[in-house]
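# Understanding the architecture of this molecule
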Amino acid sequence: MASFNDLAEVAQSISQTQSRLQIVQAVGNFLARLDPAQAEIAARFLIGRPFAQGDESRLNVSGRAIWKITSEMVAAQDRGEDLFAAAVDFGEVVETLMRLRGVEPEPTLTISGVGAALSKIASIEGRASRQRKLNGLHDLFERASNLEAKYLAKILIGEMRHGMSEGLMLEAVAAMAQRPIGEVRRSFMLEGDLGRLVAILRGVAPAGAGSVGSIKPLRPMLAQPAAEVADAFAIFGAGNFALEHKVDGARVQIHRVGNQVRIFSRRMNEITPSLPEVVEWMERLGEHYPIFDGEIIAVDGSGRPLAFQELMRRFRRIREIARLRSEQPVRLLLFDLIGLDGDLLIDRPYRERIERLGEVARAGDLETVDRLLPTSLADAEQFFKSAVASGYEGVMAKSLDSLYQPGGRGRGWLKIKHVRTLDLVIVAADWGYGRRHEWLSNYHLAARGDRPGELLEVGKTFKGLTDEQFAEMTRRLEGLKTSEALGTVRVKPEVVVEVAYNDIQRSPQYEGRMALRFARILRIRDDKSAEEADTIETMRREFESQPIRPRSPR
Ligand code: AMP
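Residues numbered from 1 in each chain as written. Predicted model: local features only at pLDDT ≥ 70, side-chain atom pairs only at ≥ 80, totals over all residues. Heavy atoms only, no water.

## A word on the overall build of the protein
In terms of regular secondary structure, the protein is built from 20 helices and 19 strands. Expressed as lengths along the three principal axes of its C-alpha atoms, the size of the protein is roughly 70 × 70 × 50 Å. Surface accessibility of the protein: about 25000 Å² in total, with carbon and sulfur atoms responsible for 48%. Charge centroids of the protein, computed over 78 positive and 77 negative side chains, lie 2 Å from each other. (Helix = DSSP H or I, 4+ residues; strand = E, 2+ residues; numbered from the N terminus. Areas by Shrake-Rupley, 256 points an atom, 1.4 Å probe, with all protein chains shown as cover. Lys, Arg positive; Asp, Glu negative; His and termini not counted. Charge placed at Lys NZ, Arg CZ, Asp CG, Glu CD.)

Pasting the structure below:
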């Protein structure tokens, strides 16, 4: 049985070398030495993943919770600041804390033991679940050596920072199996999870998606962002691409094989039970057996799109599907055909896939996403404008020659989104951890309220600033500090930032009953004072005018 300490030592040794070759060899040899079941888990752990891709398990423990557990173990809660300040990363903070224990436990943890413990902690639900989760973690840390604790912490927060990328791990896996890297990459595209890939290469799991017969999800193809439709002309050239509405729903991959239909989410979780009507629609396809890629959206009684948030209700409740099905109807918009009648079509160009998609969708009376093959920039811009006016997030531009790259964020697909912005005031900020431990890096954003001087929080973001801007913002906010507790510094409301967001959603947790979705800072508006920031009333109007409307926030 391989010890978790061996894994921690390998991780530690690769953090001390710059040589890709040495890293690949060290990890490849390590994985080859382990029995297949341990190798499967170790491959995930080494890139900071506690669970398989597609596994629903979530630990939901923050860096702060781990800090709390470990600092309490050594009664060093008050030493937070100097330890955080001295450490290069979060794992190191934990290791330093653990050294204060005096007596270090003999390493007895095994890789599969840690894997099983994490799954068990993730599965804790119900009464006092948070405390019970913390207790479970406490037990693990108590049994861990100092080095083990360091890597345990890193796996828990999913930040390894030891130079092991997914790409390098694939090379290590190829070295483990003594197989060509191209072949390993391709299997990974199809399988989606590193651990599973290891299990297949070690002969203990059957290869899946390559043969459509055994239904397994492929990793969905991803898109690169672009600023405007003109970029699509520059990149693909006129006549070589299609524009499609970018639908704000949930990605679905639908497989129909024989008399079976299975539906998978973007993260490759099975969601078939949540969408019984989609299963029924597929039965209209007669003798066609496709793998579709598409988007599911929530609609109101007259078929008009509703916000993403409304759709999520369908996935959250497992028991009330029958009721939710009538209460919250959905629409399916298909945009790609990645397999048909037992053949994968991922190596066929997009122009051919959409043609066949059209034929199959017509046969089953299924809807496809609106698409245009623009011949002029004016046409393309008009399509973008009308997409936004009808409530879509923007458009996708797809090269007609592109192949379907599972999991790839290639240049074949561009996403071009309509950006909304608000000017908001920073009213508080959280200290970061890991690389950001010296910075106030998560900003609480507020809009002006209905009463004079009133500020209502509407979201938080840690996105959009450069390292220099973080450092500068930290200095500025420290100068405006009014109080500090639990890692959050409240500040005088003076700094205004221009924040981009995708849409506004209902949110009972926030004072303004609304929250921004995907907020990120675009610019620091030194030209504006807090009195000139946007108001909650503006936000309400924006909310009401979102063409795809959530239910009212009031
Ligand atoms: P994003 O999530 O912003 O990276 O944008 C990519 C996502 O947009 C995909 O994963 C799909 O869920 C979604 N999407 C919406 N409409 C389309 C479309 N026409 N083609 C491909 N993806 C789409």
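## Re the sheet that holds strand β5 (residues 290–298)
Across the sheet, which stays open at both edges, the 5 strands sit in the order β4-β3-β5-β6-β7 with antiparallel pairing between neighbours. Of all the strands in the sheet, the pair left with one neighbour each is β4 (260–265) and β7 (343–344). Most of the contacts of helix α17 (residues 350–363) go to strand β6 (residues 330–340), to which it runs at about 125 degrees, and overall it touches β5 and β6. (Pairing = 2+ DSSP bridges. Contact = heavy atoms within 4.5 Å. Axes fitted to C-alpha atoms, helices over the stretch in contact; angles between N-to-C directions.)

## Some details on the pairing of strand β15 (residues 488–491)
By the bridge criterion, 3 bridges tie strand β11 (residues 420–431) to β15 in an arrangement that is antiparallel. Looking at β15, one finds that Asp430 is bridged to Thr488. Direction of pairing for strand β14 (residues 481–485) relative to β15: antiparallel, over a ladder of 4 bridges. In the strand pairing of β15, Ala485 is matched with Thr488.

## A look at the nonpolar core
Val27, Leu31, Leu118, Met169 and Val173 are the most contacted members of the largest nonpolar core, which has 64 residues in total. Once residues within four sequence positions are removed from consideration, Leu118 is found in contact with Phe45, Pro50, Phe51, Leu59, Leu137, Leu140, Ile155 and Leu156. Listed in part, the 33 residues of the second largest apolar core include Leu190, Phe236, Val247 and Leu414. (Core = buried A, V, L, I, M, F, W, Y, C linked by side-chain atoms within 4.5 Å. Buried < 20%, exposed > 50% of the residue type's maximum accessible area, 1.4 Å probe, protein only.)

## Some points on the packing of helix α11 (residues 181–191) against helix α12 (residues 194–201)
At a minimum axis separation of 9 Å, α11 and α12 run at an interaxial angle of 125 degrees. The angle between the axes of α11 and α12 places the two elements in the oblique class. Of the two possible hands of crossing, α11 and α12 adopt the one that is right-handed. Residues Val184, Ser187, Phe188 and Glu191 of α11 lie in contact with α12, whose contacting residues are Leu194, Arg196, Leu197, Ile200 and Leu201. Broken down by class, the residue content of the contact of α11 with α12 amounts to 6 nonpolar, 1 polar and 2 charged. (Parallel < 35°, antiparallel > 145°, perpendicular 65-115°, else oblique. Left-handed = near helix turned anticlockwise from the far one by under 90°. Nonpolar A, V, L, I, M, F, W, Y, C, P; charged D, E, K, R; others polar.)

## What about the sheet that holds strand β10 (residues 413–417)?
Here 5 strands make up an open sheet; going across it, the order is β1-β10-β9-β2-β8 and the pairing mixed. The outermost strands of the open sheet, each flanked by one partner alone, are β1 (224–226) and β8 (371–372). Direction of pairing for strand β2 (residues 241–246) relative to strand β9 (residues 394–399): antiparallel, over a ladder of 6 bridges. Residue Phe241 lies in a different strand from β9, and its bridge partner there is Ser399. In the packing of helix α18 (residues 377–389) onto the sheet, contacts are made with β2, β8, β9 and β10, and the angle to β9 comes to roughly 140 degrees.

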